[in-house]
Amino acid sequence: MRIKERELKMYKVGIVGFGKMGMLHGALLNGTGKAQLIAICDKSWVMRWGFKRVYPTVKAFDDIDKMLSQVNLDIAIIATPTFNHMESALKCIEKGCHVFIEKPLAINCEQAQRIMEAAEKKGVKVQVGFCNRFCPSITKGKQIIEKGEIGRLVEADAYMYIADVFEAHSGWRYSKRTSGGGVLMDFGIHMLDEICWYFGRVDSVSAMSKKIYSKEVEDELNAVLNFKNGLKVAFDTSWSKENYRKSYSKLVVRGEKGKLIVTDQTLVHYDLDGKILEEYSYPQLYPGAFMDIGGLNYSYQIEKFIELIDSKNSVTNIQDAVYDQYIVEKLYES
């Protein structure tokens with residue numbers, strides 16, 4: 001049997017920002033059997049030294065320009081602080097690399113737009129790390145709504161909480177200039193992306209934010225989003241919520257035929273009388289994956305990225321990520 005050249009393709013991967021998320025995405029890409037990690041770039045000499053002790057054949061750099069000039073990459077993973085996203089992404093795109101970039105895409109809509117336009121001009125794929133879209137329960141919930149099983153949508157409530165910030169912190173995440181914002185930009189944007197993915201385009205927004213511990217950015221945000229389809233969504237997010245050791249998301253959608261409650265682990269579908277029609281927990285929705293570290297959603301996200309690179313389909317979620325950034329700015333303006 002003749003093996004096609006396409007089947008032998010092994011994408012060469014470089015990671016820019018070798019922290020927790022860079023390691024996770026790099027390990028998953030390496031585990032697909034279609035990509036091989038050949039270089040990392042990180043400012044920390046400790047990270048580079050430690051990595052080289054374990055993987056001496058993988059090149060380690062302290063500067064992205066050095067990495068891009070000395071190795072030929074097909075894919076770049078960008079997991080640096082948000083203020084560095086645009087600069088790193090534009091350099092990788094200019095070299096013809098497909099880019100996987102952690103959320104949020106950039107610190108503002110203008111920078112996000114520049115990344116998208118550069119990718120379109122160069123003809124490369126860019127995917128943004130909105131991993132909640134790949135949670136089996138969240139995917140299932142979208143399917144139920146699109147099939148009309150709860151009827152015309154009436155209203156929805158969205159929540160995203162974690163117990164992270166209970167004192168003043170320093171660092172780039174807590175500076176408006178380097179992060180673009182607080183809990184909404186860093187954490188709640190996952191839920192914002194989810195509801196825009198579910199319900200489409202937004203007509204108007206209003207919001208109130210609160211600084212509890214942070215000096216420059218918000219620790220809590222309460223918002224109302226009015227969608228063009230007539231749906232009103234109340235959205236609440238906080239990274240200073242007690243008793244939420246792990247990230248928690250919940251979306252409650254009410255329709256003329258019933259109600260849907262979706263978390264990142266569960267799904268419950270009710271009829272109008274409150275009778276449960278469908279109920280799923282994480283194990284019931286677990287279909288398996290080529291590799292499961294950090295959660296199935298991360299594995300499926302990377303699989304989808306490779307699938308998009310392999311295909312002629314030019315559609316990734318970068319257009320949605322730019323739109324998310326636009327809505328974030330409108331919420332802050334309000």
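These numbers come from a predicted model, not from an experiment.

J.: Let's hear about the pairing of strand β4 (residues 75-78): which residues, and what values?
T.: Neither face of β4 is left uncovered, since the one carrying Ile75 and Ile77 and the one carrying Ala76 and Ile78 both have all their residues buried. By the bridge criterion, four bridges tie strand β1 (residues 11-16) to β4 in an arrangement that is parallel. Bridging from a neighbouring strand, valine 13 pairs with isoleucine 75 of β4. The pairing of β4 with strand β5 (residues 98-101) spans four bridges and is classified as parallel. Counterpart to isoleucine 75 in the pairing with β5 is histidine 98. Crossover connection from β4 via helix α4 (residues 85-94) to parallel β5: handedness right-handed.

J.: Pulling in residues and values, what's your account of the layout of surface pockets?
T.: In this structure, the second largest pocket occupies an estimated 240 Å³ of space. Every residue lining the second largest pocket is counted, eleven residues in all, and those nearest its centre are Arg133, Phe134, Lys304, Thr316 and Asn317.

J.: Outline helix α9 (residues 296-310), listing residues and values.
T.: Along its 15 residues, α9 runs 21 Å from first to last C-alpha, staying within 8% of the 21 Å computed at 1.5 Å per residue. Counted residue by residue, α9 has eleven buried out of 15 residues, so it is predominantly covered. For α9, the full list of buried residues reads Leu296, Asn297, Tyr298, Ser299, Tyr300, Gln301, Ile302, Phe305, Ile306, Leu308 and Ile309. Buried residues in α9 make contact with β1, α1 (20-31), β4, β5, β6 (126-128) and α6 (136-146).

J.: Talk me through the sheet that holds strand β7 (residues 153-161); I want residue IDs and the actual numbers.
T.: With mixed pairing, eight strands are arranged side by side in an open sheet as β8-β9-β10-β7-β11-β12-β13-β14. If you trace the sheet from one side to the other, it starts and ends with β8 (202-210) and β14 (276-280), each paired once. Each adjacent strand pair in this sheet contributes to an overall mean axis angle of 10°, direction not counted. Sheet analysis places strand β9 (residues 220-227) next to strand β10 (residues 232-238), joined by seven bridges and oriented antiparallel.

Criteria and cut-off values
- Residues numbered from 1 in each chain as written.
- Predicted model: local features only at pLDDT ≥ 70, side-chain atom pairs only at ≥ 80, totals over all residues.
- Heavy atoms only, no water.
- Buried < 20%, exposed > 50% of the residue type's maximum accessible area, 1.4 Å probe, protein only.
- Helix = DSSP H or I, 4+ residues; strand = E, 2+ residues; numbered from the N terminus.
- Pairing = 2+ DSSP bridges.
- Right-handed = clockwise from strand over helix to strand, strands pointing away.
- 1 Å grid on protein atoms, 1.4 Å probe; cavity = no way out; pocket = protein on both sides within 12 Å on 5 of 7 lines; lining within 4 Å.
- Points joined across faces, edges and corners; volume = space filled by probe spheres on them.
- Expected span 1.5 Å × (residues − 1).
- Contact = heavy atoms within 4.5 Å.
- Axes fitted to C-alpha atoms, helices over the stretch in contact; angles between N-to-C directions.

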